Amino acid sequence: MIEFQQVTKAYQVAGREIPALHSTDLTIEAGQVFGIIGHSGAGKSTLLRLINRLEEPSSGRIRVNGEDVTALDAAGLRRFRQRVGMIFQHFNLLSSATVADNVALPLRLAGELDRGQINQRVRALLERVGLSDHANKYPAQLSGGQKQRVGIARALSTEPSILLCDEATSALDPHTTRQVLQLLAEINQELKLTIVLITHEMDVIRRVCDQVAVMDGGHIVEQGQVTDVFLHPQHPTTRSFVFDDESDEQQADDFAHVPGRILRLTFLGESTFAPLLGQVARATGVDYSILAGRIDRIRDLPCGQLTLALIGGDVDAAMALLQASQVHVEVLRT
Amino acid sequence: MSELFTNIDWYDIWIATLDTLLMLGGSLLFTVLFGLPLGILLFLTGPRQMFQRNGLYAVLSLIVNALRSLPFIILLIVMIPVTKLITGTSLGVAGAIPPLVVGATPFFARLVETALREVDRGIIEATQSMGATTAQIITRALLPEARPGIIAAITVIAITLVSYTAMAGVVGGGGLGDLAIRYGYQRFQTDVMVVTVVLLLVLVQILQSIGDRLVVHYSRK
Ligand SMILES: Nc1ncnc2c1ncn2[C@@H]1O[C@H](COP(=O)(O)OP(=O)(O)O)[C@@H](O)[C@H]1O
Ligand SMILES: [Mg+2]
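Source: prediction; values computed, not measured.

Peer 1: What is the right way to read the overall build of chain B from this model?
Peer 2: Along chain B, the regular secondary structure elements total 9 helices and 0 strands. The N-to-C order of helical and strand elements in chain B reads α-α-α-α-α-α-α-α-α. Expressed as lengths along the three principal axes of its C-alpha atoms, the size of chain B is roughly 70 × 40 × 25 Å. In chain B, the proportion of contacts linking residues at least 24 apart, taken out of those at least 6 apart, comes to 75%. Only carbon and sulfur atoms are counted for the fraction: they give 69% of the accessible area of chain B, which is about 11200 Å². Both charge centroids of chain B, one from 14 positive and one from 12 negative side chains, sit 13 Å from each other.

What follows is the structure, given as structure tokens:
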């Protein structure tokens with residue numbers, strides 16, 4: 001578990017204080033994939049780097065599994081960092097070392113295993129990330145996705161309990177991004193590892209995260225289960241990520257000339273695939289037109305959102321029926 | 001052909017070449033020995049680096065710049081008493097090495113500093129995030145990553161030292177430069193001058209191509 005207690009961070013630039021993180025309280029449960037999303041400059045990297053003290057907090061406490069990491073001395077901090085893996089947007093691999101030597105580096109620095117044990121673990125890790133055939137190559141000979149796999153294997157080599165990911169997929173194409181996210185999700189399940197990842201893409205959050213925090217201007221402006229935040233975003237920043245900048249007001253304008261009661265239905269899990277609308281229409285005599293919609297998947301959970309106009313028949317009964325079928329109903333216009 | 005090279009005593013040239021190689025080898029060894037740590041120190045204490053110390057960096061910088069701005073020929077003369085103190089003589093190969101080292105070390109240190117700055121900050125950061133000590137960051141990440149740059153720096157400094165050894169010849173250092181001045185210039189034996197210059201050129205070519213090959217061999221980018 002990672003806990004932030006009134007943590008602030010300001011950078012000193014030319015004698016001036018630049019606030020990057022305002023007083024923040026945050027709890028990240030063990031075993032979760034916790035996402036932090038925000039626009040560039042929101043303070044995501046700052047928050048992430050405070051966890052392994054690549055940045056020193058200006059005030060406040062950070063506890064990891066109960067231990068106050070802000071109070072660690074240099075030796076304690078080094079031991080702590082060996083238990084926290086980190087991967088980076090630009091991979092940050094040693095270009096002068098082979099793939100195998102890159103993965104072995106944290107183990108050699110820690111100096112706890114002998115050569116045979118290190119080789120064995122490196123082999124197992126490369127196998128796990130699907131790079132067994134590339135052990136003796138240099139990073140320059142690999143694709144971006146392969147480099148990030150090396151980064152992941154390296155970060156996992158000391159068997160950490162936490163993995164920090166700083167825009168780990170931002171330099172990758174969409175297809176490779178999905179593969180790397182898939183790998184992270186599998187690792188989270190297999191190793192019961194806590195993953196904290198930051199990104200500026202809602203898609204990344206939707207694919208792997210359990211919980212999400214939205215950052216803006218050095219504040220966490222919204223936080224919760226990904227399903228809640230994704231389907232019912234509250235803060236304008238969150239809405240801009242979820243709806244690609246399409247505001248509700250704009251939508252309302254678009255539907256001004258549409259008659260009837262306008263509802264937004266949110267389906268989650270099984271109900272996404274049920275033939276509900278037809279049943280409801282037949283049972284209550286309402287007609288509907290579909291104004292907007294999206295069908296998606298949050299981690300493995302299918303979900304959908306439809307904006308409908310209901311006309312004629314018993315609209316109240318239709319709403320009641322939908323609610324009874326585990327559909328979340330919001331009235332956008334009565 | 002034999003007409004042209006009548007003045008040449010090949011034994012003298014052989015001895016002079018040997019002296020030049022000894023001066024070069026000795027001074028290069030000590031320049032790297034002193035310049036590498038100094039370069040690392042300059043890098044670490046420099047602006048926005050791991051051990052940023054503005055005062056120390058300013059002082060080191062000033063000393064390095066002062067020594068670099070001093071013409072080598074002046075350094076040779078100024079150094080004579082100090083050289084005598086260290087080696088017992090200011091003449092010959094032994095007498096030439098201290099001024100060569102003092103003249104080349106600041107330049108080499110700067111080149112090392114520059115090579116280290118070329119290393120991606122992200123790599124230092126990644127190594128820090130693994131729990132590395134500062135010594136480990138330097139030996140396991142910075143130096144291996146900067147190796148091509150440092151080899152290039154050693155090549156540059158070796159070639160600089162070749163021309164410095166020729167100057168050291170003027171104040172009694174011996175070697176090919178000495179030969180060129182004494183016979184070629186003072187006694188108008190142009191053929192001796194030509195041979196020594198060609199030998200120096202060959203030496204520089206060999207150093208450059210060894211350096212280039214090593215840089216290519218160690219570059220993985
Ligand atoms: N080392 C630094 N020195 C000074 N200012 C910084 C430094 N790192 C980040 N900042 C500033 O702090 C703010 C947050 O930056 P960052 O945490 O990198 O945001 P994000 O990762 O969300 O893009 C920005 O305004 C940025 O300019
Ligand atoms: Mg960032």
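Peer 1: How do you make sense of the packing of aromatic side chains when you look at a structure like this?
Peer 2: Taken as a whole and assessed by the stated rule, the structure comprises 2 aromatic pairs over all chains. Note on F72 of chain B and Y164 of chain B: the rings are 4.0 Å apart at their centroids and 5° apart in plane angle, and the pair reads as stacked. Separated by 92 residues along the polypeptide, F72 of chain B in helix 3 (residues 72–78) and Y164 of chain B in helix 7 (residues 134–173) bring together distant segments of the chain. Look at F72 of chain B and you get buried, because its relative accessible area is 6%. Here the guanidinium or amino end of R294 of chain A rests over the ring plane of F230 of chain A, the centre of that ring lying 4.7 Å away.

Peer 1: It is not clear to me how the UniProt feature "transmembrane region" (unreviewed entry) in chain B should be interpreted in this structure. Could you clarify?
Peer 2: Residues annotated in UniProt with the feature "transmembrane region" (unreviewed entry) correspond here to residues 20–44, 56–80, 86–109, 150–172 and 192–211 of chain B. A helix fraction of 100% and a strand fraction of 0% characterise residues 20–44 of chain B, whose end C-alpha atoms lie 35 Å from each other.

Peer 1: Looking at this model, I keep getting lost on the site of ligand 1. Mind explaining?
Peer 2: Residues and elements named next belong to chain A. All residues in the neighbourhood of ligand 1 are listed as Y11, V13, A20, H39, S40, G41, A42, G43, K44, S45 and T46. Take G41: an N or O atom from its main chain is 2.6 Å from an oxygen atom of ligand 1. In the model, an oxygen atom of ligand 1 is placed 2.5 Å from a nitrogen or oxygen of the T46 side chain. When residues in the shell around ligand 1 are grouped by element, the largest group, 3 residues, is from helix 1 (residues 44–51). Taken together, the residues of the shell around ligand 1 break down into 4 nonpolar, 6 polar and 1 charged.

Peer 1: Is there a simple way to explain the interface of chain B and chain A in this structure?
Peer 2: Interface size is often expressed as the accessible area that is lost when the parts come together. Between chain B and chain A, the contact holds 19 residues from the first and 21 residues from the second. Interface area, chain B with chain A, both sides summed: about 1900 Å², of which 58% is carbon and sulfur. For the interface between chain B and chain A, the tally reads 1 salt bridge. We note a salt bridge from E125 of chain B to R49 of chain A, for which the minimum N-O separation is 2.9 Å. Elements with a minimum of two residues in the side of chain B that touches chain A: helix 6 (121–129) and helix 7 of chain B. In terms of residue count, the dominant contributor to the side of chain B that touches chain A is helix 6 of chain B (7 residues). Class assignment of the residues belonging to the side of chain B that touches chain A gives a composition of 6 nonpolar, 7 polar and 6 charged.

Peer 1: Sorry, what's going on with the packing of helix 11 (residues 276–284) of chain A against helix 12 (residues 315–324) of chain A here?
Peer 2: When two helices pack together, their arrangement is given by the angle between the helix axes and the distance between those axes. All names here are of chain A. At a minimum axis separation of 9 Å, helix 11 and helix 12 run at an interaxial angle of 145°. The two elements helix 11 and helix 12 cross, and the hand of that crossing is right-handed. Along the contact surface, helix 11 presents L277, V280, A283 and T284, while helix 12 presents A317, A318, L321 and L322. Tallied by class, the residues present in the contact of helix 11 with helix 12 amount to 7 nonpolar, 1 polar and no charged.

Conventions adopted
Residues numbered from 1 in each chain as written. Chains lettered and ligands numbered in written order. Predicted model: local features only at pLDDT ≥ 70, side-chain atom pairs only at ≥ 80, totals over all residues. Heavy atoms only, no water. Helix = DSSP H or I, 4+ residues; strand = E, 2+ residues; numbered from the N terminus. Contact = heavy atoms within 4.5 Å. Areas by Shrake-Rupley, 256 points an atom, 1.4 Å probe, with all protein chains shown as cover. Lys, Arg positive; Asp, Glu negative; His and termini not counted. Charge placed at Lys NZ, Arg CZ, Asp CG, Glu CD. Phe/Tyr/Trp six-rings, centres within 6.5 Å; stacked < 30°, edge-to-face > 60°. Buried < 20%, exposed > 50% of the residue type's maximum accessible area, 1.4 Å probe, protein only. Lys NZ or Arg CZ within 6 Å of the ring centre and 35° of its normal. UniProt positions renumbered as here; feature names shortened; annotations may be inferred. Near = heavy atom within 4 Å. Polar contact = N/O pair within 3.5 Å; in protein donor to acceptor, adjacent residues only side chain to side chain. Nonpolar A, V, L, I, M, F, W, Y, C, P; charged D, E, K, R; others polar. Buried area = accessible area lost by both parts, 1.4 Å probe. Salt bridge = Lys/Arg side-chain N within 4 Å of Asp/Glu carboxyl O. Axes fitted to C-alpha atoms, helices over the stretch in contact; angles between N-to-C directions. Left-handed = near helix turned anticlockwise from the far one by under 90°.

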